[in-house]
Amino acid sequence: MRNLIYLFVQFGGLITFVVLEILCMYLVINFNKKQNSIFVNSSNTISGLLYERADQLAEFWDMSSVSDSLAEENARLRAELRNARFVETILQDSARNEKTSQRYTFISADIINNSVNKHSNNITINRGANHGVKIRAGVFDDRGIVGIIRNVGSRFSSVMSILHKESRITAAIRRNNYFGSLTWNGSNPRMVTLSDIPKHAQLIKGDTIQTSGYSTIFPAGIMVGVIDTFWLEPGSNFYTIDVLLSNDLSKSKYVYIVNDLMREEINTIEEEVSDE
Amino acid sequence: MNNTILSNAWRLIFLVLLQVLIFQRLSFGWENFNYINVIIFPIFILLLPFRTPNFLVVFLGFLIGISVDLFYDSPGVHASASVFMAWIRPAVLGLMEPRGGYDKNQSPAKKHLGINWFFTYSSVMILAYLFFYFSVQAFTFVYIVDIFLRTVFSFLMSMIFILAYQYLFDPGE
């Protein structure tokens, strides 16, 4: 007994500390939601980690076939989106009974050659005329636009990247629909220039730029990037806008090619007008 | 003896009220920068007399911590940090012992050991407290940078009030 008391005098602080700290942790874990969820999750994590590693190993082997089938599925799903369809109904009494028909379909492809550091960058993809790729079709991926098909072989196609000094793509500001054309000045692979936005447009840094849909190249609403800086050249009535691309082309790998099913019709009509 | 116990009991109640009624609402911050909490109640542990047994210091640390927790709605978070701080108190005091040793009947306060000594002592203790507190609050070291930022900013702010407390309530000789 005496020894016990002596022990407590000697180590009383430590013993009290350990006991009370355990009590505190018990209280923290049981009566605080956030700490409780972290505690529960991390205790799962330790056992989960083992399963996850084993699973990752197994997954690794069939990764490529999975990603191929996912890319195809994505292309099919994108064709179901509203902006890929053409509204046939003229009078729209309600949103429900509008009739649409397919306007765009998408072909999934892999980038097999790419560059971002030249003045005129081209991309090669592993889809060609055999797969239904047509010249002057748009190419984009899940993060934004990539370029336009400029040359089609039977199995491969060449894409003029948006980072090409001859590249011209129509793009619009999502918030107010003012549109202009996108060019690249050949230096920064994350930055393109949007010009022809009139002086009276209200711009905000961070405004989303998306494709306009005013051509047969891209459907409307595909992300391009956000406004980084904008200014008026002296004497000009149009803004010059630096756009930060949402897409990092140096990392793009899986892309989709736009196939506009109504393109012939639109082009024929537009040509007739321009002949006049 | 009784006088010391009584004055410490009053200080405990006073500091808990001060902390939860005033300083709890005084957590500074603005958008994306909610890093400053003013924590002053550990002064109670800082100022316990030298002769307080270690286990009692730790127990009182728990008591005041859990009282503050009741008002902060965070059972155990303040208590665990304050228990930790109370536990390291003897070690910190040991390291900082002046040549002549401490007078066992006194408290480690400014009026006995001077402002420089008290400043170093309270800095070490409060830093330990805040780091432990914010770690338990985050409960993971994923946000270690965040924990450090909170510790540093809260430390600067809390020290101002702790020193002010010393000047106001424990004036010199």
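Here the structure is a predicted model, which means the values were calculated and not measured. (Residues numbered from 1 in each chain as written. Chains lettered and ligands numbered in written order. Predicted model: local features only at pLDDT ≥ 70, side-chain atom pairs only at ≥ 80, totals over all residues. Heavy atoms only, no water.)

A.B. asks: For this particular structure, what's the right way to read the packing of helix 1 (residues 2–31) of chain A against helix 3 (residues 54–72) of chain B?
C.D. replies: For any two helices packed against each other, one specifies the crossing angle of their axes together with the interaxial distance. Look at helix 1 of chain A against helix 3 of chain B: their axes get within 7 Å of each other, and the N-to-C directions meet at 20°. In this view, helix 1 of chain A runs roughly parallel relative to helix 3 of chain B, as classed from their interaxial angle. Here helix 1 of chain A contributes Phe8, Gly12, Gly13, Thr16, Phe17, Leu20, Leu23, Cys24 and Leu27 of chain A to the contact with helix 3 of chain B, which in turn contributes Asn54, Phe55, Val58, Phe59, Phe62 and Ile66 of chain B. Counted by class, the contact of helix 1 of chain A with helix 3 of chain B contains eleven nonpolar, four polar and no charged residues. (Axes fitted to C-alpha atoms, helices over the stretch in contact; angles between N-to-C directions. Helix = DSSP H or I, 4+ residues; strand = E, 2+ residues; numbered from the N terminus. Parallel < 35°, antiparallel > 145°, perpendicular 65-115°, else oblique. Contact = heavy atoms within 4.5 Å. Nonpolar A, V, L, I, M, F, W, Y, C, P; charged D, E, K, R; others polar.)

A.B. asks: I tried to follow the nonpolar core on my own but got confused; where do I start?
C.D. replies: Generally speaking, a soluble globular protein has its nonpolar side chains buried in company with each other. Residues Leu15, Ile40, Phe44, Ile45, Phe118, Tyr121 and Tyr129 of chain B are the most contacted members of the largest nonpolar core, which totals 64 residues. Counting residues per element, the ones that place at least two in this core are helix 1 of chain A together with helix 1 (2–23), helix 2 (43–46), helix 3, helix 4 (77–95), helix 6 (115–138) and helix 7 (144–169) of chain B. When neighbours within four sequence positions are excluded, tyrosine 121 of chain B is seen to be in contact with Ile45, Leu46, Arg89, Val92, Leu93, Met96 and Pro108 of chain B. Grouped together as the second largest cluster of nonpolar side chains are 47 residues, Ala84, Val139, Val146 and Ile169 of chain A included. (Core = buried A, V, L, I, M, F, W, Y, C linked by side-chain atoms within 4.5 Å. Buried < 20%, exposed > 50% of the residue type's maximum accessible area, 1.4 Å probe, protein only.)

A.B. asks: Looking at this model, I keep getting lost on the pairing of strand 11 (residues 208–211) of chain A. Mind explaining?
C.D. replies: Here is the key point about a regular strand: its side chains alternate between the two faces of the sheet. All names here are of chain A. In terms of strand pairing, strand 8 (residues 169–173) meets strand 11 through three bridges, oriented antiparallel. The partner of alanine 172 across the bridge, within strand 11, is glutamine 210. As defined by bridge partners, strand 11 adjoins strand 12 (residues 223–232) across three bridges and the pair is classed as antiparallel. From the neighbouring strand, isoleucine 209 faces strand 12, where its bridge partner is glycine 225. (Pairing = 2+ DSSP bridges.)

A.B. asks: What is the right way to read unusual backbone geometry from this model?
C.D. replies: Backbone phi values are negative for most residues with the exception of glycine, while trans is the configuration of most peptide bonds. All names here are of chain A. A positive phi is found at arginine 136, a non-glycine position, where the angle reads about 60°. Relative to the helices and strands, arginine 136 resides in the loop between strand 4 (120–125) and strand 5 (138–141). A positive phi is found at aspartate 196, a non-glycine position, where the angle reads about 75°. Take aspartate 196: it is sitting in strand 10 (residues 191–198).

A.B. asks: Is there a simple way to think about the domain arrangement of chain A in this case?
C.D. replies: Note on interface size: it is often stated as the accessible area lost on association of the parts. Partitioning chain A into domains gives domain 1 (2–61) and domain 2 (107–275). Each of domain 1 of chain A and domain 2 of chain A has a C-alpha centre, and the two are 54 Å apart. (Domains from an automatic or database assignment.)

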